[in-house]
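Letter by letter, the chains look like this.
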Amino acid sequence: MRDRRKRNVVSWSALFWCTLFLVLLAFLLFTTSRFFSSELVHTLPNPLNKALYDDSSLHFLSSLQETVTLPDQALVFLNHPQTVRPFPKEDINCVYFAANSSVPHRWRPPIDVDGEEHLQKQMVRCPLPPPGFTVSIRVRSNPQLQGGNSHQWDFLVYEALVDRDNTTVVFIKGLGLRPERVSNASKFECVYGWDFRKIKFLLRSNVISIAQEIARCTTPLSVLSNPNRTHDSIKVSIRVKGGGTLNSIARPLLSPRLITPHRKPYEMCLCTMLRNQAQFLKEWVIYHAHLGVRRWFVYDNNSDDDIEDVIASIFNVKHNISRHIWPWIKTQEAGFAHCALRARNSCKWVGFIDVDEFFFLPSGLSLLDVLRNQAKNASVGEIRVSCHSFGPSGLTRMPPQGVTVGYTCRKATAERHKSIVNPEVLNSTLINVVHHFHLRDGFHYMNLERSEMVINHYKYQVWEVFKEKFYRRVATYVADWQEEQNVGSKDRAPGLGTKAVEPEDWSSRFCEVNDTGLRDMVLQNLANRRTHLLPWQEEHRRRRRRSRKKGMHKG
C-alpha cells in the first residue's frame, strides 16, 4: 500500500513537470516564430516602422516602405491597407535628417503626391535632400518616419511583372548592358526575399534571358501562390554571380490576364511616355480617336501639370485612357516593354509614339483598313512608319488651334520611323530601341510607303515648348541635349548646341517643304461647322465658361 502511494506521488510529480515543460516549450516556439516572422516581413528597424494616425486618432498600418533618390528629387513610397485612403498632398511635408540624427533639420512641401489605389501604394516626390542628408515624410502633426530602405537610382531593380507564362519580368537599372544585344544569362541569377542581406532566407532561380534593362526569370512556386500582397510581399532582385545583389524595390505583380480568348476588345491601341505634356494630350487623343484608336496607355514620368484632371476630362467610352505612374528616368524602352505586356491581352495592335507625333494617311484609307491589310500576311508582326519632322513654321507662340493645324512646314527628308506592333509576337527578351521591337523567329516587319501612311512629328515647335527638351530626355539610349554626345545624331536639333538659348532664326528653321495635308484633313473633318472650333478648343472654351460662371456666382 505504501509502495502504491509512493508510485502515485512520483507519477503526479512527473506529470506536473512534464506539463510545465510543454507549456514553456510552446511559449518559446510561439515567441521564436513571432521573432523570425518579424525578421522576414519587417526588414526595417523598429523606429523606422512607426505607424501613422489619421485625424480621428485611429491606429492603422500605413508605413514607409522605401526611398529612391533620383538626380533631381527623392521618391518616398508608402503602403496603405485597403481601408485607408492615401494622404492628400496638403497633409504631407518632406522632412530632412543629417546623418545619424533623429532630429529634423528642415522640412519642405512635397513636389507632388501620387498613387495607385488598386496597389494600396502612394508615392511622395520630395525635393532633393542636401548631400549627407536623408529624407522622410511627416503627416500633419504626427511623428515622422525616418529613413526606411534608401536606394540610389543608378543601381536598382525597380519594377517586376509575373507574365502569363509564370516567368517574372524584371526591370533593372545599372547593369550597363549593350542596346539591342542579348547578354549571357548564365552570369546572373534571380533572388526572391524580403532582405537581400540575409542569404539563407532567399529563394534563388535561373535567369532565362537578359538584355538591356530587362531580365526574365523562372518564378518560384511559393511566389506564384500569393503574388499580389502589396504590404509585405516578397521582392525580386538580380544577383551577379561572383559579385553582389542589386538593391530592389520591385514586388512582382501579375500582368493582366486574357480578357477574351478569341477576340480582343481593341483593334488599335497607343502607348506613350510623357512628362508635363498634359496641354497637348487632349488633341493627341481626340485626333487618334477619329482614326479609330479606342485605348491609350499613358506612362507618366513625374509630371506636375495636372495631367490627371486632363485625362479625367476626356475619359469616356470612346476614349479609354489609363495613366500609369512611371517615375523612372531615362527608361522609355523599359516602359514600352512594360506597356506591351499590359496591352497584349486587350489590344491586337499597339502603336508606340510620343504625344507630338500624329499618324497621317495621305492615301485616304482609314488606319484600321491599313492594319487589316497588313494582317492578311500572318508573318507581319511590326509595321514601321516613317516620320516627317515639322518646324516652328514661322510661329513664335503656341498655335491656338493646336499643333496639327498650326505647324505646316517640315524638313524634306523623312527621319527614322516609329512602330505599330502585334504584341503577341514580340521576342521574349522584349528588346526595343527607339520605338521598334525585336520579334520572335518567323515574324518580320513591314515598311509602309509614305504615300500610304506617315507620322507628322511636331518635333521643333515654338521655342517656349521646344526648350523643355533640354530638361531631360526619357529614352535610355538617346543623348540629352545638354551633353556633348552624338552631335550628328538625327535625334538632335542640327546646329543647336547644348544650351537652352533661343537662336534668333528659330521660328524659320527646319522649313523646307510646305505640307498642309494633315491640317486640311483636321479642319475638314473635325471642325465644328457653326463655330469652326476644333474639339480640343471647344472643351477648353467650355471649361473657361464654367470657371467664369463660378467666379460670378461667388461674387
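My aim in this report is to walk through the structure given alongside it, one point at a time.

The rules behind the values
- Residues numbered from 1 in each chain as written.
- Predicted model: local features only at pLDDT ≥ 70, side-chain atom pairs only at ≥ 80, totals over all residues.
- Heavy atoms only, no water.
- Buried < 20%, exposed > 50% of the residue type's maximum accessible area, 1.4 Å probe, protein only.
- Helix = DSSP H or I, 4+ residues; strand = E, 2+ residues; numbered from the N terminus.
- Pairing = 2+ DSSP bridges.
- Polar contact = N/O pair within 3.5 Å; in protein donor to acceptor, adjacent residues only side chain to side chain.
- Contact = heavy atoms within 4.5 Å.
- Core = buried A, V, L, I, M, F, W, Y, C linked by side-chain atoms within 4.5 Å.
- Disulfide = S-S within 2.5 Å.
- Phe/Tyr/Trp six-rings, centres within 6.5 Å; stacked < 30°, edge-to-face > 60°.
- Lys NZ or Arg CZ within 6 Å of the ring centre and 35° of its normal.
- Axes fitted to C-alpha atoms, helices over the stretch in contact; angles between N-to-C directions.
- Parallel < 35°, antiparallel > 145°, perpendicular 65-115°, else oblique.
- Left-handed = near helix turned anticlockwise from the far one by under 90°.
- Nonpolar A, V, L, I, M, F, W, Y, C, P; charged D, E, K, R; others polar.

Topic: the pairing of strand S13 (residues 214-218)
- In terms of burial, S13 is largely enclosed, as four of its five residues are buried.
- Bridge count for strand S10 (residues 167-173) against S13 is five bridges, and the pairing is antiparallel. Across the sheet, the residue bridging to Phe171 is Ile214, located in S13.
- The pairing of strand S12 (residues 203-211) with S13 spans four bridges and is antiparallel.

So, the side chain of Thr167
- Among the structural elements, Thr167 can be located in strand S10.
- Note on Thr167: relative accessible area 9%, which makes it buried.
- A distance of 2.9 Å separates polar atoms of two side chains, one belonging to Thr167 and the other to Arg216.
- Contact partners of Thr167, with chain neighbours within four places excluded, come to Leu161, Val162, Ile208, Arg216, Cys217 and Thr219.

Here's the deal with the nonpolar core
- Met268, Leu281, Trp284, Tyr287, Phe359, Ile420 and Met453 are the most contacted members of the largest nonpolar core, which totals 54 residues.
- Top element by residues in this core is helix H3 (residues 278-291). It accounts for nine residues.
- Ignoring any residue separated from it by four or fewer positions in sequence, one finds Met453 in contact with Phe359, Phe360, Leu361, Pro362, Leu367, Val370, Val385, Ile420 and Leu448.
- Residues Tyr158, Ile214, Ala340 and Val425 belong to the second largest nonpolar core, which totals 39 residues.

A look at the state of the cysteines
- For the structure shown, the criterion picks out five disulfides.
- Here Cys94 engages in a disulfide with Cys126; their sulfurs sit 2.1 Å apart. Across the disulfide from Cys94 to Cys126, rotation about the S-S bond amounts to roughly -85°, and the bridge is consequently left-handed. Within this pair, whereas Cys94 is found in strand S3 (residues 92-98), its partner Cys126 is found in strand S6 (residues 121-127), the two being separated by 32 residues in sequence.

Quick look at the packing of aromatic side chains
- Applying the stated criterion across every chain, the model contains 21 aromatic pairs.
- The interplanar angle of 40° and the centroid separation of 4.8 Å between the aromatic rings of Phe466 and Trp506 together place this pair among those described as tilted. With a gap of 40 residues between them, Phe466 in helix H8 (residues 463-466) and Trp506 in the loop between H8 and strand S29 (513-514) connect regions that are remote in the sequence. Comparing Phe466 with Trp506 shows no difference in burial state: the two are buried.
- Through a chain of ring-to-ring contacts, three or more aromatic side chains come together here, namely Phe77, Trp153, Tyr158, Phe171, Tyr299, Trp326 and Trp328.
- Across the ring face of Phe297, the terminal group of Arg295 is positioned such that the distance to the ring centre comes to 4.0 Å.
- Sitting over the ring of Tyr445, Arg384 keeps its end group 3.6 Å from the ring centre.

What to know about the packing of H3 against helix H4 (residues 307-314)
- For the pair H3 and H4, the least separation of the axes is 9 Å and the interaxial angle reads 20°. Comparing their axes, H4 and H3 come out roughly parallel. Relative to H4, the crossing made by H3 is right-handed. The residues of H4 that touch H3, namely those facing Ala278, Leu281, Lys282 and Val285, are Ile307, Val310, Ile311, Ser313 and Ile314.
- When its residues are assigned to classes, the contact of H3 with H4 shows seven nonpolar, one polar and one charged.

Looking at the side chain of Asp112
- As for its position among the elements, Asp112 is in strand S5 (residues 112-116).
- Sequence-distant contacts of Asp112, defined by excluding residues within four places in its chain, comprise Lys89, Met123, Val124, Arg125, Ser303 and Asp304.

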